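Geometric and topological summary
Next come the chains, spelled out residue by residue.
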Amino acid sequence: MTHQYPALTAEQKKELQEIAQRIVAPGKGILAADESTGSMAKRLNPIGVENTEENRRRYRQLLFTADQRIDSCIGGVIFFHETLYQNTDDGTCFSKLIKDRGIVVGIKVDKGVVPLAGTNGETTTQGRKQQEQTLLKPHTKFLLYFNGYICVCVGLDGLSERCAQYKKDGADFAKWRCVLKISETTPSELAIFENANVLARYASICQQNGIVPIVEPEILPDGDHDLKRCQYVTEKVLAAVYKSLSDHHVYLEGTLLKPNMVTAGHSCPTKYSSEEIAMATVTALRRTVPPAVTGVTFLSGGQSEEEASVNLNAINTCPLVKPWALTFSYGRALQASALNAWRGDLNNEKAATEEFIKRAEANGKAALGKYESSGSGAAAGKSLYVANHAY
Amino acid sequence: MTHQFPSLSPEQKKELSDIAQRIVAPGKGILAADESTGTMGKRLQKINVENNEENRRCFRDILFSTDSSISNCVGGVIFFHETLYQKSDSGKLFPQVIKDKGIVVGIKVDKGTAGLNGTDGETTTQGLDGLSERCAQYKKDGCDFAKWRCVLKISDGCPSALAIAENANVLARYASICQQNGLVPIVEPEILPDGDHDLQRCQYVTEKVLAAVYKALSDHHVYLEGTLLKPNMVTAGHSCTKKFTPQEVGMATVTALRRTVPASVPGICFLSGGQSEEEASVNLNAINQVPLHRPWKLTFSYGRALQASALAAWQGKAANKKATQDVFLSRAKINGLAAKGEYKPTGSADQASMQSLYTASYVY
């Protein structure tokens, strides 16, 4: 406890910090294109596209071949394992394509959730020994809803070897998603502690292999709780996460945080403005996330594309000191319109790519607090800020 | 765990936050004049002055009646209990004298250390019994902030996990109780400079201790915007053979704080520990020039480092009152500048040579 056994050399630290800074450079954020095979089914079914490996390849291709306009607003792309080894039509590896245009390549490394016995259906994320993986086996489905609640994450076994391989294959950052849920009795202390611990183990292992860990402790928006409750729970969860990262000797400057924004639950009858969401979110982060953390890249959860941009913008115009970059790591909120425009049709690819570029640019502006959504006035926005001591 | 049972109303939070902001307003810091009777004995013995109540009153009176420009660099004064009820020569109660200058009045509330059995001479701090009632009374008597000092030491086996956890916990209990009574708690987890450990070791231990402190404050539902932190600077141990520059001290200190202290904490007021007056000013200045983003105020809460020269000038003689005040005011102004990174000691090397001593932050 009192003696340091340095985990990283000065050079390793420098490399990690620089990677993190490149990902969240001003005006840039992350495209989360790491939907698992199962999740892709949920995206492709609604647009009548069959969930085949080729269709998944064609879809990611239309995102990754967007023109140079995305180079100034996308700092990193998170890949799913399968996609990391797919190519464009002319045979270029996707990861090389992305890397060559100066965008950092990332990889999802967790393997989903399993239940925590003795809890009200809560879970953690664990590790499954796996030498090779081409297709996912059915029993490794991730979001195990147990009595409607969520669990702990999986993926630590053999993680170091996997990270070393991913680094060789072009990845410089990783992502690991833990899930918590708000209800009458959750999240429990055990769920908070266990998820914080596994996130710290994952982060520690990544850094040993030159990979910047994105730490994602998602608190789901399911439920009827109000904004205050979400803020309270978010503060408790993040405090536990950063204590855990400290205990595990993780180098904070070489990490990124991917949290939920602080919002009311989906079925909460009270509606909140983006300024209230921003104030609650920034307040929660200011109380828990050390300034040394290079950047905070929000998940979009169930938010619409526009909502996610407007809220991110409000966060960046919140009048409190914010010592980290505050940007996006969006999946659905960057791709919903693109998917709709594509519908699997070759002829629609250009239009679909345009939709993606539009959203990327909007979020790049939001990350700078410069996004003007049609129909919103800056003045009307300002007056809705509630003094921060009320949070 | 999942439901909030709010401990403070919005009005209470606003009051605490406003008090904290006033204490650490730009260019201002704290005069720690809370030496206990025993500790004052040590100070007075050095200048051959008898340690009686009148002499203690007299010295504090000289400091507190300094020219009103003192309030440009002092935002708060920490009192010892006895002093809170003493009066100036003009018959005014000391807290009133301080308040009239627009300076916030604070009170030391801990009751000293107690041994932790089964450890290598480590301690916790006592004073929680009846603390709420005491705080309520202090608030009525003019105080708006409090101070509680915990002590840790670095050695081969220290600080132990128990010492860290216990001191963090007792600090959080104290902070929680203060806030209920409208007092801003200054949280002081001092890691002593005794020992031959190097800068890196002190930084490592400081990071672990502060991480534990802020986890405990979170667990105890303390409102961070209404608190202040009083930590040690990160320095090598006194008997460390290697010497480190103020820039290295600054970088190690700011790095440790950036990794542990949430941005919502309004201010960090360093203790001076065993540093000389000039050392304490130069180091504070270097801290405020570190090229890393510092979202909290970084200022002073100095006892010896503000009073050593004043004591020496006084020598217990009334005739030396003005000289004492001049020297004290001078030290206060210097530290006010250091709190803004604007202190230029005469004879010091220029900025350029200072800059070159910065080691890139990733080494820390």
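Let me begin by describing the structure that accompanies this report. (Residues numbered from 1 in each chain as written. Chains lettered and ligands numbered in written order. Predicted model: local features only at pLDDT ≥ 70, side-chain atom pairs only at ≥ 80, totals over all residues. Heavy atoms only, no water.)

Time to look at the overall build of chain A. Each helix and strand counted, chain A has 13 helices and 11 strands in total. Within chain A, buried positions represent 61% of all 391 residues. Summarising the internal contacts of chain A: among those between residues at least 6 apart in sequence, 82% fall at separations of at least 24. Counting only carbon and sulfur atoms, one obtains 51% of the accessible surface of chain A, whose full area is about 14900 Å². (Helix = DSSP H or I, 4+ residues; strand = E, 2+ residues; numbered from the N terminus. Buried < 20%, exposed > 50% of the residue type's maximum accessible area, 1.4 Å probe, protein only. Contact = heavy atoms within 4.5 Å. Areas by Shrake-Rupley, 256 points an atom, 1.4 Å probe, with all protein chains shown as cover.)

A few words now on the nonpolar core. Side chains that are nonpolar tend, in soluble globular proteins, to be buried together. One finds Leu31, Phe64, Val77, Phe79, Tyr174, Leu257 and Val261 of chain B to be the most contacted residues of the largest nonpolar core, which totals 109 residues. Here this core gets 11 residues from one element, more than from any other, and that element is helix α8 (residues 199–219) of chain B. Among all residues touching leucine 31 of chain B, those that are not within four sequence positions of it are Leu63, Phe64, Val74, Gly76, Val77, Ile78, Tyr302, Leu306, Gln307 and Phe328 of chain B. Judged by nonpolar contacts, the second largest core, of 97 residues, contains Ile70, Ile74, Ile182 and Leu312 of chain A. (Core = buried A, V, L, I, M, F, W, Y, C linked by side-chain atoms within 4.5 Å.)

For the rest of this paragraph, the subject is the sheet that holds strand β8 (residues 212–219) of chain A. All names here are of chain A. In space, the 8 strands of this closed barrel follow the order β1-β2-β3-β7-β8-β9-β10-β11, with parallel pairing throughout. The pairing of strand β3 (residues 104–108) with strand β7 (residues 173–180) spans 3 bridges and is parallel. Across the sheet, residue lysine 108 finds its bridge partner in β7, namely lysine 175. Across the sheet, helix α7 (residues 189–208) lies against β7 and β8, angled at about 175° from β7, the strand it touches most. Packed on one face of the sheet, helix α8 (residues 227–247) meets β7, β8 and β9 (256–257) and runs near 150° to β8. (Pairing = 2+ DSSP bridges. Axes fitted to C-alpha atoms, helices over the stretch in contact; angles between N-to-C directions.)

Summed over all chains, the structure comprises 10 aromatic pairs over all chains. The interplanar angle of 35° and the centroid separation of 5.3 Å between the aromatic rings of phenylalanine 59 of chain B and tryptophan 314 of chain B together place this pair among those described as tilted. Of this pair, phenylalanine 59 of chain B sits in helix α3 (residues 53–64) while tryptophan 314 of chain B sits in helix α11 (residues 304–314), placing them 255 residues apart in sequence. Taken individually, phenylalanine 59 of chain B and tryptophan 314 of chain B each receive the classification buried, so the pair is uniform in this respect. Members of the aromatic cluster, joined through ring pairs, are Phe64, Phe79 and Phe94 of chain A. (Phe/Tyr/Trp six-rings, centres within 6.5 Å; stacked < 30°, edge-to-face > 60°.)

Residue and element names in this part refer to chain B. With 12 residues, α3 should cover 16 Å at 1.5 Å per step; its first-to-last C-alpha distance of 16 Å lies within 8% of that length. The buried fraction of α3 is high, at 9 of 12 residues. Listing the buried residues of α3 in full gives Asn55, Arg56, Arg57, Phe59, Arg60, Asp61, Ile62, Leu63 and Phe64. (Expected span 1.5 Å × (residues − 1).)

Attention shifts here to the pairing of strand β10 (residues 297–302) of chain B. All names here are of chain B. Most of β10 sits out of view: 5 of its 6 residues are buried. Relative to β10, strand β1 (residues 29–33) runs parallel, the two sharing 2 bridges. Looking at β10, one finds that leucine 31 is bridged to tyrosine 302. Looking at chain direction, strand β9 (residues 267–270) and β10 are connected through 4 bridges and run parallel. In the strand pairing of β10, glycine 267 is matched with lysine 297. As for the winding sense of the linkage, the β-α-β connection from β9 through helix α10 (residues 277–287) to β10 is right-handed. (Right-handed = clockwise from strand over helix to strand, strands pointing away.)

How two helices pack is summed up by the angle between their axes together with the distance between the axes. All names here are of chain A. The N-to-C vectors of helix α2 (residues 37–44) and helix α3 (residues 53–64) enclose an angle of 75°; their axes lie 11 Å apart at closest approach. Judged by the inter-axis angle, α2 sits roughly perpendicular to α3. Residues Thr37, Met40 and Leu44 of α2 form the contact with α3, whose participating residues are Arg56, Tyr59 and Arg60. Classifying every residue of the contact of α2 with α3 by side-chain character gives 3 nonpolar, 1 polar and 2 charged. (Parallel < 35°, antiparallel > 145°, perpendicular 65-115°, else oblique. Nonpolar A, V, L, I, M, F, W, Y, C, P; charged D, E, K, R; others polar.)

All right, on to the interface of chain A and chain B then. Chain A puts 41 residues into the contact, and the matching count from chain B is 42 residues. For the pair chain A and chain B, the summed buried area comes to about 3600 Å², and 57% of that belongs to carbon and sulfur atoms. Run the count over chain A and chain B and you get 2 salt bridges. Put simply, glutamate 253 of chain A and arginine 259 of chain B hold a salt bridge, and the shortest N to O gap is 2.9 Å. On inspection of chain A and its partner chain B, the count reaches 16 residue pairs in polar contact (both at pLDDT 80 or more). Per-element accounting of the side of chain A that touches chain B gives the leading share, 10 residues, to α8 of chain A. In terms of residue class, the side of chain A that touches chain B is made up of 17 nonpolar, 12 polar and 12 charged. (Buried area = accessible area lost by both parts, 1.4 Å probe. Salt bridge = Lys/Arg side-chain N within 4 Å of Asp/Glu carboxyl O. Polar contact = N/O pair within 3.5 Å; in protein donor to acceptor, adjacent residues only side chain to side chain.)

What follows covers the pattern of salt bridges. Enumeration according to the criterion identifies 42 salt bridges over all chains in this entry. One salt bridge in this structure joins lysine 167 of chain A and glutamate 15 of chain A, with 2.9 Å as the shortest N-O distance. Residue lysine 167 of chain A is found in helix α6 (residues 159–168), and its partner glutamate 15 of chain A is found in helix α1 (residues 10–23); the two are separated by 152 residues along the sequence. Overall, the relative accessible area of 22% leaves lysine 167 of chain A in the partly exposed class. For glutamate 15 of chain A, a relative accessible area of 33% corresponds to the partly exposed category. A salt bridge links arginine 331 of chain B to glutamate 278 of chain B, with the nearest nitrogen and oxygen atoms 3.0 Å apart. One end of the pair, arginine 331 of chain B, is in helix α12 (residues 321–338); the other, glutamate 278 of chain B, is in helix α10, with 53 residues separating them in the sequence. Residue classification places arginine 331 of chain B among the buried residues on the basis of a relative accessible area of 11%.

A separate point is the environment of isoleucine 70 of chain A. All names here are of chain A. Its location among the elements puts isoleucine 70 in the loop between α3 and β2 (74–79). A C-alpha to C-alpha distance of 9.1 Å links isoleucine 70 and lysine 28, two positions 42 residues apart in sequence. In contact with isoleucine 70, not counting residues within four places along its chain, are Leu63, Arg101, Ile103, Phe356, Ile357 and Ala360.

What follows concerns unusual backbone geometry. With an omega of 0°, the peptide bond between threonine 186 of chain A and proline 187 of chain A qualifies as cis. Within the secondary structure, proline 187 of chain A sits in the loop between β7 and α7. Omega for the peptide link from cysteine 158 of chain B to proline 159 of chain B comes to 0°, which places this bond in the cis form. Inspection of the secondary structure puts proline 159 of chain B in the loop between β6 (145–152) and α7 (161–180). Notably, arginine 343 of chain A is not glycine yet its phi reads approximately 50°, a positive angle. One can find arginine 343 of chain A in the loop between α11 (332–342) and α12 (349–366). Since its relative accessible area comes to 42%, arginine 343 of chain A is described here as partly exposed. One non-glycine residue, histidine 221 of chain B, lies in positive phi territory at about 60°.

All right, on to the environment of glutamine 86 of chain B then. Residues and elements named next belong to chain B. Checked against the element boundaries, glutamine 86 lands in the loop between α4 (81–84) and α5 (94–100). Counting along the chain gives 29 residues from glutamine 86 to arginine 57, while the straight-line C-alpha distance between them is 6.7 Å. Apart from residues no more than four positions distant in its own chain, glutamine 86 is found in contact with Glu53, Arg57, Lys92, Leu93 and Phe94.

All names here are of chain B. Helix length check: α8, at 21 residues, gives a terminal C-alpha distance of 30 Å against a target of 30 Å (1.5 Å per residue), a fit within 8%. Counted residue by residue, α8 has 19 buried out of 21 residues, so it is predominantly covered. Capping the start of α8 is the job of one residue whose side-chain oxygen sits 3.3 Å from the backbone nitrogen of glutamine 200: aspartate 198. Of the residues one or two after α8, histidine 221 is the one with positive phi, at around 60°.

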